[in-house]
Amino acid sequence: MEHHQLKFHHFWWLIVLVCHCEVTFGATRAPSWFYHRFYQHYQRHISDWWETNKEIQILQEYLRIPSVHPDPDYGPCVEFLQRQADSLNLPLIVHHPSLPNKPIVIITWQGTNPELPTILLNSHMDVVPVYPESWSHPPFGAEIDAQGRIFARGSQDTKGQGTAYLGAVRQLQDEGFQPKRTLHIMYVPDEEIGADHGMKAFVETQEFRDLNIGFAIDEGATAPFESLFVFNAEKTRWAPIFKAKGNPGHGAILAEKTSGEGFSRLIAKIMNYRQMQMAKLQNGVPWGNVTSINLTKVQGGIQTNVIPEELSAFFDIRLALDEDQDAYLEMLKGFIEEAGGNIELTFEVKDNPSPPTILDDSDPFWVTFKDTMTELASSLDLQIMPGVTDMRFVRPKGVRAIGFNPMNHTPIRFHAHNEFIYANQYMQAIKNFARIIEKLTGV
């Protein structure tokens, strides 16, 4: 039963009961408690109904697997995906391009013409850490509230997308569809920490080349409005570590040249630069065209009454496509000199730029994708991905790739407290992916 059908069914009974109430009490004297009690009853049934939906149950099972950093166990994810592949009668292969505990899982639906370049649908199994005390629902409980919101870490980024692919295949199989091109559905590890042992390693293997990918779809972002985001490029990620050094001493002494002095001056300069980038956003520059920089971790000190010899600041930088990276590095070094020096700069991550995917009418996959979304009455908002995805490793291998999530009217909550998606939007995403798969594999 569709969500809107459920609403109509309850709305019909609401009319009947309201009429009965007004006959009983008089049209102008129907008690307010009646409407309040009925609304509560209606909301409770909405939540209960979603809990019985097969596709929602599959999503909830996946979301309840805590494959969370810093030490995710991917074993339960692989077992879950194996059961899903078995239910679809599709083969599943697991690759380990780097480490035995970092699996690449691929479910394949072979096409009638397997020699053609294939279609890839990608998502990642890992999720970022949570602050459970700041959540209104357990972050790995996948609970559904009266508004049909499914709360869980990974619901947006990207387990919800990963199971929506499977739901779309299930729908197409029920319709008797058989793809012309082969479809690969891939689930990768460690996207959230740089993918050194995930996609970054896998694209260098013969197994990746044998997939013969012609067009790829990876994670996008939920859209808070009607239009859906499409990302054909992404920023470049740097993760610099600034280690300020200075004289240690007793916490009661106003010593000179301490690590804290240089540390604070450097932070002030970087935060001033950050405010300049914020001003660009406030002036209407798209988020994907602005270089972002955020302080994400501070480290140092051994005891509260000891001046530390070293203090470290960790930053997450996402460089805009038009940013001169050599000049940017020199700017960071300049901040160090202006802060008094004696600050060491290293990088936890320092990615190379990834080329954008050129989307125009010469690309039959892009034309087909656009036409399909038009048929689905969905408008598209083409942008640069404000973060980074695994497609930054795939595009340099000559694969055309986009980031796309067909869930709109949903606030962007990835990496935030109370991450959620709407159950009805998720079901619509399954339908949309079904049509996208049907059309792209038929090119």
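Structural notes, computed from the coordinates. All figures in this text were calculated on a predicted structure; none of them were measured in a lab.

Rules used in this analysis
Residues numbered from 1 in each chain as written. Predicted model: local features only at pLDDT ≥ 70, side-chain atom pairs only at ≥ 80, totals over all residues. Heavy atoms only, no water. Helix = DSSP H or I, 4+ residues; strand = E, 2+ residues; numbered from the N terminus. Buried < 20%, exposed > 50% of the residue type's maximum accessible area, 1.4 Å probe, protein only. Contact = heavy atoms within 4.5 Å. Areas by Shrake-Rupley, 256 points an atom, 1.4 Å probe, with all protein chains shown as cover. Polar contact = N/O pair within 3.5 Å; in protein donor to acceptor, adjacent residues only side chain to side chain. Pairing = 2+ DSSP bridges. Axes fitted to C-alpha atoms, helices over the stretch in contact; angles between N-to-C directions. Parallel < 35°, antiparallel > 145°, perpendicular 65-115°, else oblique. Left-handed = near helix turned anticlockwise from the far one by under 90°. Nonpolar A, V, L, I, M, F, W, Y, C, P; charged D, E, K, R; others polar. Salt bridge = Lys/Arg side-chain N within 4 Å of Asp/Glu carboxyl O. Phe/Tyr/Trp six-rings, centres within 6.5 Å; stacked < 30°, edge-to-face > 60°. Lys NZ or Arg CZ within 6 Å of the ring centre and 35° of its normal.

So, about the overall build of the protein. In terms of helices and strands, the protein carries twelve helices and 17 strands. Looking at the protein as a whole, 52% of its 443 residues qualify as buried. Long-range pairs, those at least 24 residues apart, make up 79% of the contacts in the protein with a sequence separation of at least 6. A total accessible area of about 20600 Å² is found for the protein, and carbon and sulfur atoms account for 53% of it.

With that settled, consider the environment of Asp-157. If you trace the backbone, Asp-157 turns up in the loop between strand E5 (149-151) and helix H5 (159-174). Given the relative accessible area of 7%, Asp-157 is considered buried. For Asp-157 and Glu-219, which are 62 residues apart along the polypeptide, the C-alpha to C-alpha distance reads 7.5 Å. Beyond its immediate chain neighbours, meaning those up to four positions away, Asp-157 contacts His-124, Asp-126, Val-127, Glu-192, Glu-219, Phe-414, His-415 and Glu-419. Within the structure, Asp-157 has its side chain in polar contact with the side chain of His-415 (distance 3.0 Å).

On to the sheet that holds strand E11 (residues 292-300), then. The sheet built from four strands is open, its strands ordered E11-E13-E9-E14 with antiparallel pairing. Strand pairing shows two members of the sheet lacking a second neighbour, E11 and strand E14 (343-350), which therefore form its edges. Strand-to-strand twist across the sheet, computed as the mean angle between neighbouring axes with direction ignored, equals 20°. Bridge count between E11 and strand E13 (residues 310-319): eight bridges; the pairing is antiparallel. Paired with Gly-300 across the two strands is Leu-311, which belongs to E13.

Now for the packing of H5 against helix H12 (residues 423-440). Running from N to C, H5 and H12 point in directions that differ by 60°, and their axes come no closer than 8 Å. By the criterion of interaxial angle, the relationship of H5 to H12 is oblique. Note on packing geometry: the crossing formed by H5 with H12 is right-handed. Only Tyr-426, Ile-430, Lys-431, Phe-433, Ala-434, Arg-435, Ile-437 and Glu-438 of H12 make contact with H5, whose side of the interface consists of Gly-160, Gln-161, Thr-163, Ala-164, Tyr-165, Gly-167, Ala-168, Val-169, Gln-171 and Leu-172. The residue inventory of the contact of H5 with H12, partitioned by class, reads ten nonpolar, five polar and three charged.

Let's shift gears to unusual backbone geometry. The step from His-69 to Pro-70 runs through a cis peptide bond, and the omega angle for that step is 20°. Examined against the element boundaries, Pro-70 turns out to sit in the loop between helix H3 (54-63) and helix H4 (75-88). Positive phi outside glycine occurs at Ala-142, with the angle close to 50°. Structurally, the position occupied by Ala-142 is in the loop between strand E3 (118-124) and strand E4 (143-144). Given a relative accessible area of 0%, Ala-142 falls into the buried group.

What follows concerns the sheet that holds strand E8 (residues 228-234). Ordered in space as E1-E2-E6-E3-E7-E16-E8-E15, the eight strands form an open sheet in which the pairing is mixed. Two strands in the sheet have a free side with no partner beyond their single neighbour: strand E1 (92-95) and strand E15 (380-385). Here the strands of the sheet are splayed against their neighbours by 25° on average, with no regard to which way each runs. Where E8 meets strand E16 (residues 400-404), two bridges bridge the pair, whose relative direction is antiparallel. Its bridge partner lying in E16, Phe-231 is registered against Gly-403. Here helix H10 (residues 364-375) sits on the sheet in contact with E3, strand E7 (213-218), E8, E15 and E16, set at roughly 25° to E16.

With nine of ten residues buried, E13 lies mostly within the body of the structure. Two elements, strand E9 (residues 236-245) and E13, share eight bridges in a ladder whose sense is antiparallel. The partner of Trp-238 across the bridge, within E13, is Ile-317.

If you walk through the whole model with that rule in mind, you get 20 salt bridges. Residue Arg-237 pairs with Asp-316 through a salt bridge whose shortest N-O separation is 3.8 Å. One end of the pair, Arg-237, is in strand E9; the other, Asp-316, is in strand E13, with 79 residues separating them in the sequence. Both residues of the pair, Arg-237 and Asp-316, count as buried.

Next up on the list: the packing of aromatic side chains. Pairs of aromatic rings are described using the distance from one ring centre to the other and the angle between the two planes. If you walk through the whole model with that rule in mind, you get 17 aromatic pairs. Their ring planes at 85° and their centres at 6.4 Å tell us that Phe-404 and Phe-433 sit as a pair that is edge-to-face. Taken as a pair, Phe-404 in strand E16 and Phe-433 in helix H12 lie far apart in primary sequence, 29 residues in all. Residue class for Phe-404 comes out buried when judged on its relative accessible area of 0%. With a relative accessible area of 1%, Phe-433 lands in the buried category. One aromatic cluster is present, formed by Tyr-165, Trp-366, Phe-369, Phe-404 and Phe-433 through successive ring pairs. The ring of Tyr-62 carries Lys-159 above its face, with NZ or CZ at 5.0 Å from the centroid.

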